[in-house]
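# Coordinate inspection notes
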Amino acid sequence: KNSSKKFRIGFAQCTGSDLWRKQMLASMYAELLFHPDIELEYRDAQNNTEKQRRDIENFIDDKIDLLIVTPNEADAITPSVELAYNKGIPVVMVDRKINSEKYTAYIGADNYEIGKLAGALAAEISKGNGAILEVWGLRESSPALERHRGFSDAIAPYPNLKIVASLDGQWEQDTAAHRFRESASILPSFNIVYAHNDVMAYSVYTLCQKQGRADSIKFIGVDGLSGPGGGLQLVKDRILTATFLYPTGGEEAIRTASDILHGQPYIKDNILETTPIDSRNVKVMQLQQMKMEAQRNDIVRLQQNVNSQGQRFDQQQLYIYILLAS
Ligand code: FRU
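Residues numbered from 1 in each chain as written. Predicted model: local features only at pLDDT ≥ 70, side-chain atom pairs only at ≥ 80, totals over all residues. Heavy atoms only, no water.

### As for the sheet that holds strand E11 (residues 269–272)
The parallel open sheet is built from 6 strands, whose spatial order is E2-E1-E3-E4-E5-E11. In the strand order of this sheet, the two ends are held by strand E2 (38–44) and E11, each with one partner. Strand-to-strand twist in this sheet, taken as the mean axis angle between neighbours without regard to direction, amounts to 15°. Two strands pair when backbone bridges link them, and strand E1 (residues 7–13) and E2 are joined in this way by 7 bridges, in the parallel orientation. Across the sheet, glycine 10 pairs through a bridge with glutamate 41, a residue of E2. (Pairing = 2+ DSSP bridges. Helix = DSSP H or I, 4+ residues; strand = E, 2+ residues; numbered from the N terminus. Axes fitted to C-alpha atoms, helices over the stretch in contact; angles between N-to-C directions.)

### What to know about the site of the ligand
In the vicinity of the ligand, the contacting residues are Thr15, Asp18, Trp20, Arg21, Asp95, Arg96, Pro143, Arg147, Trp171, Asn197, Asp223 and Tyr246. The side chain of arginine 21 places a nitrogen or oxygen atom 2.7 Å from an oxygen atom of the ligand. Residue asparagine 197 places a side-chain N or O atom 2.9 Å away from an oxygen atom belonging to the ligand. Out of a free accessible area of 320 Å², the ligand has 98% covered by protein chains. Mapped onto the shell around the ligand, the elements with two or more residues apiece are helix H1 (19–32) and helix H5 (142–155). (Near = heavy atom within 4 Å. Polar contact = N/O pair within 3.5 Å; in protein donor to acceptor, adjacent residues only side chain to side chain. Areas by Shrake-Rupley, 256 points an atom, 1.4 Å probe, with all protein chains shown as cover.)

### Side note on the pairing of E1
With 6 of its 7 residues buried, E1 lies for the most part within the structure. On the question of chirality, the crossover connecting E1 to the parallel E2 by way of H1 is right-handed. In this sheet, strand E3 (residues 66–69) lies alongside E1 in parallel orientation, the contact comprising 4 bridges. Across the sheet, residue glycine 10 finds its bridge partner in E3, namely leucine 67. (Buried < 20%, exposed > 50% of the residue type's maximum accessible area, 1.4 Å probe, protein only. Right-handed = clockwise from strand over helix to strand, strands pointing away.)

### Structural notes on the layout of surface pockets
Of the voids in this model, the largest pocket is the one considered here, and its volume is about 600 Å³. Elements supplying a minimum of two residues to the lining of the largest pocket: H1, helix H9 (250–261) and helix H10 (282–325). Grouping the constituent residues of the lining of the largest pocket by class yields 11 nonpolar, 9 polar and 8 charged. Estimated volume of the second largest pocket: approximately 450 Å³. What lines the second largest pocket is a set of 28 residues, among which Asp18, Trp20, Asn197, Val199 and Asp223 lie closest to the centre. At the level of secondary structure, the elements contributing two or more residues to the lining of the second largest pocket comprise H1, H5, helix H7 (198–210) and helix H8 (231–236). (1 Å grid on protein atoms, 1.4 Å probe; cavity = no way out; pocket = protein on both sides within 12 Å on 5 of 7 lines; lining within 4 Å. Points joined across faces, edges and corners; volume = space filled by probe spheres on them. Nonpolar A, V, L, I, M, F, W, Y, C, P; charged D, E, K, R; others polar.)

### Comments concerning the confidence of the model for the chain
Interpretation of the predicted coordinates at a detailed level should be avoided for regions scoring low in pLDDT. Mean pLDDT over the chain stands at 94; residues scoring 70 or higher make up 97%. Interface scoring of the predicted complex returns ipTM 0.98; its pTM is 0.92. (pLDDT = per-residue confidence, 0-100.)

### Comments concerning H9
Residue pairs spaced three or four apart in an α-helix point in one direction, given the helix's 3.6 residues per turn. The end-to-end C-alpha distance of H9, which contains 12 residues, comes to 17 Å, matching closely the 16 Å that a straight helix rising 1.5 Å per residue would cover. Looking one or two residues past H9, glycine 263 carries a phi angle of roughly 65°, positive in sign. (Expected span 1.5 Å × (residues − 1).)

### A look at unusual backbone geometry
Notably, glutamine 46 is not glycine yet its phi reads approximately 50°, a positive angle. Within the secondary structure, glutamine 46 is located in the loop between E2 and helix H2 (49–61). In this structure, arginine 238 is a non-glycine residue whose phi angle is positive, near 60°.

### Side note on the nonpolar core
The biggest cluster of nonpolar side chains holds 40 residues, and the ones touching the most others in it are Ile9, Leu66, Ile68, Val92 and Ile220. With near-sequence residues (within four places) excluded, valine 92 lies in contact with Leu66, Leu67, Ile68, Val69, Ala105, Ile107, Ala253, Ala257 and Ile260. Judged by nonpolar contacts, the second largest core, of 34 residues, contains Ala131, Ala165, Phe190 and Leu245. (Core = buried A, V, L, I, M, F, W, Y, C linked by side-chain atoms within 4.5 Å. Contact = heavy atoms within 4.5 Å.)

### Focus on the environment of glycine 115
Among the secondary structure elements, glycine 115 is positioned in helix H4 (residues 111–126). Taking C-alpha positions, glycine 115 is 4.1 Å from arginine 147, a pair spaced 32 residues apart along the chain. Excluding its chain neighbours within four sequence positions, the residues that come into contact with glycine 115 are Arg147, Gly150, Phe151 and Tyr194.

Right, dumping it as structure tokens:
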């Protein structure tokens, strides 16, 4: 009987309800099929930083072997991550960062770079002349801070291209809609919306469309998810002028965690590729994503097949054993 020890990974996710996070988790579970000696324990903080701190501390008390975390807010989560790290628990951060070097590995795309690309695009489509509404992700989360900084740096050389207003969408479709409605009457006029993710861009688009002015505004988002309602479809439908691919890093997180747990060499800072997506390349991107998803589903199916074959084999062994014993 196989009595080898299982490694336990605790995954402290900042929020789990949106499509991007669901895809992240799905790719983690798909990758886990290749790591039968690893178990994943999952906690969703539901955008609540205090809850995420407790989740991490519970994982520490539970003596997990490794922590995967997407820090909801950089400053506030730093002490909890440091606590785990100082106790010798390896920490793999995905997508969002803390404000300290006390982590074992990081996996995610370069959000400053994404901001810069978005800013360059805003300059291009407006010919350096435009009024921008920026819709922020959660203010204290690292991707929001970096996406803002990159964007500001990229538009700085254009004196006639300015951020004229900002809204706190906190990464959420509903919050962005709420904030927009709240301040609609006092917002200065704008002709570009730069939202830190696609769902918030879509929110503002829908409301502008209701006011009959969506056609005179260009919308830019981030994520570029495939599937219904994803950013790729929004670009294809000409709702978004552009988005930027933001890979979830789910698969890479599990692979890196496994390397760390098995004492294999690993890379500390893993920067995933991003790319601008607009009407020129959206079809190719959709085809690629569809192919990748089909492959992933095949792998999952294959693995299930192997498992059921294995069960049948165990059963046959048992029959033989009973036959021999009788
Ligand atoms: C999903 C999300 C993405 C965004 C990322 C930033 O929860 O809001 O839309 O790119 O988190 O951490």
